[in-house]
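# Reading the structure
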Amino acid sequence: MNSEKFSLKLVCPFDHSELNLHEDVLTCSKCQREYKISGRIPIMFDLNLLQEEERKKEEMEIFDNLSSYKDFMNRAYLKALKEDTLNSLLNFNLQDKDILEIGAGISLFAEKLSEKNHLVLTDINETLLKQNLQNCDLVVADAENLPFPDKSFDFICLVGVLHHLPHQAKGIKELKRVLKENGKIFISEPTRWSVNLIYYLGRKLFILLFGKEFVRKLVGCGTPDEAFLDTAELKKTFSVEFNIKVRKISPIRLLPVKFFDNISFVPKLNRFLEKLPLFRNIGAIAQITIEPKK
Ligand SMILES: [Zn+2]
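Rules of the game
- Residues numbered from 1 in each chain as written.
- Predicted model: local features only at pLDDT ≥ 70, side-chain atom pairs only at ≥ 80, totals over all residues.
- Heavy atoms only, no water.
- Buried < 20%, exposed > 50% of the residue type's maximum accessible area, 1.4 Å probe, protein only.
- Helix = DSSP H or I, 4+ residues; strand = E, 2+ residues; numbered from the N terminus.
- Arc of directions from axis to C-beta.
- Contact = heavy atoms within 4.5 Å.
- Pairing = 2+ DSSP bridges.
- Axes fitted to C-alpha atoms, helices over the stretch in contact; angles between N-to-C directions.
- Polar contact = N/O pair within 3.5 Å; in protein donor to acceptor, adjacent residues only side chain to side chain.
- Donors = N, O, S within 2.8 Å, 3.2 Å for Na, K, Ca; no water.
- pLDDT = per-residue confidence, 0-100.
- Salt bridge = Lys/Arg side-chain N within 4 Å of Asp/Glu carboxyl O.

Of the residues making up helix α10 (residues 231–238), those classed as buried are Glu233, Leu234, Thr237 and Phe238. Looking down the long axis of α10, one finds its buried residues gathered within 110° of arc, a one-sided arrangement. Residues of α10 that are exposed and point over 90 degrees away from its buried face: Ala232, Lys235 and Lys236. Buried-residue contacts for α10 involve α7 (168–178), β9 (179–190), β10 (242–249) and β11 (285–292).

Put into structure tokens, the structure is as follows:
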């Protein structure tokens, strides 16, 4: 589908067939599913399917409250992480590339990434996506069913996204599908063998004892039953043709409850501990780079 409205090529997220545009509705030439365009944002998922998946529905709705999202993103720990992540992204020296940021929310990186590149931002939540004002394409999409043709992007970035997916393996396969042959991927995710494991098990216990709603209020936002990155699936999908490099950062993080929102010594302590190999290796965040083997 190409029209005056988009410079972006979209396909049906379920069968990757051509779409026909008629009066702000895109219709799949094969399965006949319809995708409406809201303002300038195509809504590229099947709402009926999403309604059947409780967790995805939660992911869609949890950030509808913009102020709780902004409170969450402004926590001292996340702000420090943002800087570190942006620096890692800038190290790729991207120029004239087709870049995709998946699960971008209100993107922390779009301003820089869109300066010299064509940037596409996706998120499952339209409310958040609409807040992005940069010069880039916005598409509401489910990371497990991307509405892009095979080999569309030179660079894909996902920050704290994969562990939210109910079917990570599907999302990981989609990354490989839409990546160009010489493309690269940057992923930032919480790691399992770190302080996160304590939080994860604690969260499971609290959900069991007090219910999801209680945990959601305590944590501030995010689905309470998210998992960890599926590293085995990542290796299975990419390790034959790609090198996977892992860099761990942020050895400690505060319990993700509102009480700790503005404590700023943690980022400083992290910086110090990252210099010590033992602590670096139990970093709570992994920055993963996937690059083609030369
Ligand atoms: Zn279709």
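The structure having been displayed, the exposition proceeds.
One open sheet accounts for 4 strands, arranged β1-β2-β3-β4; its pairing is antiparallel. Since the sheet does not close on itself, it has two edges, and those belong to β1 (19–22) and β4 (41–42), each with one partner. Here strand β3 (residues 34–38) runs beside β4; their pairing, made up of 2 bridges, is antiparallel. Counted as the bridge partner of Ser38 is Ile41 from β4.

Across the sheet, 7 strands lie side by side as β7-β6-β5-β8-β9-β11-β10; this open sheet has mixed pairing. Lying at the two open borders of the sheet, with one neighbouring strand each, are β7 (137–140) and β10. Averaged over all pairs of adjacent strands, the angle between their axes in this sheet comes to 15°, without regard to strand direction. Note that strand β6 (residues 118–123) and β7 share 4 bridges and pair parallel. For Leu121, the partnering residue across the bridge sits in β7 and is Leu138.

Here Leu121 is to be found in strand β6. A C-alpha to C-alpha distance of 8.4 Å links Leu121 and Val140, two positions 19 residues apart in sequence. When residues no more than four places from it in sequence are discounted, the contact partners of Leu121 are Glu101, Ala104, Ser107, Ala110, Leu129, Asn132, Cys136, Asp137, Leu138 and Val139.

Below, the discussion takes up the side chain of Thr85. As for its position among the elements, Thr85 is in helix α4 (residues 76–90). Within the structure, the side chain of Thr85 is placed 2.7 Å from the backbone oxygen of Leu81, a separation counted as a polar contact. In this structure Thr85 touches Phe109, Val159, Phe186 and Gln287, once residues within four positions along its chain are discounted.

This brings us to the coordination of the zinc ion. Only Cys12 (SG), Asp15 (OD), Asp15 (OD), Cys28 (SG) and Cys31 (SG) from the protein coordinate the zinc ion, and they sit 2.2 to 2.7 Å from it. Counting along the primary sequence, the residues that act as donors to the zinc ion give the motif C-x2-D-x12-C-x2-C. Owing to a relative accessible area of 1%, Cys28 belongs among the buried residues under this scheme. A relative accessible area of 29% places Cys31 in the partly exposed class.

We now examine the confidence of the model for the protein. Low-confidence regions, as indicated by low pLDDT, have predicted coordinates that should not be scrutinised in detail. Residues with a pLDDT of 70 or more make up 93% of the protein, whose mean pLDDT is 88. In the model of the protein, helix α2 (residues 54–62) stands out as the element of lowest mean pLDDT, 73, in contrast to strand β5 (residues 98–102), which has the highest, 98.

Quick look at the pattern of salt bridges now. Side-chain pairs of opposite charge can arise where the charged atoms are in close proximity. With the rule as written, the count across this model stands at 15 salt bridges. Taking the shortest distance from any N to any O, the salt bridge between Glu174 and Arg177 comes out at 2.7 Å. With a gap of 3 residues between them, Glu174 and Arg177 both fall in helix α7, about one helical turn apart. Of the two residues examined, Glu174 and Arg177, each falls in the buried class. Among the charged side chains, a network of salt bridges with common partners joins Asp84, Arg247, Arg271 and Glu274.

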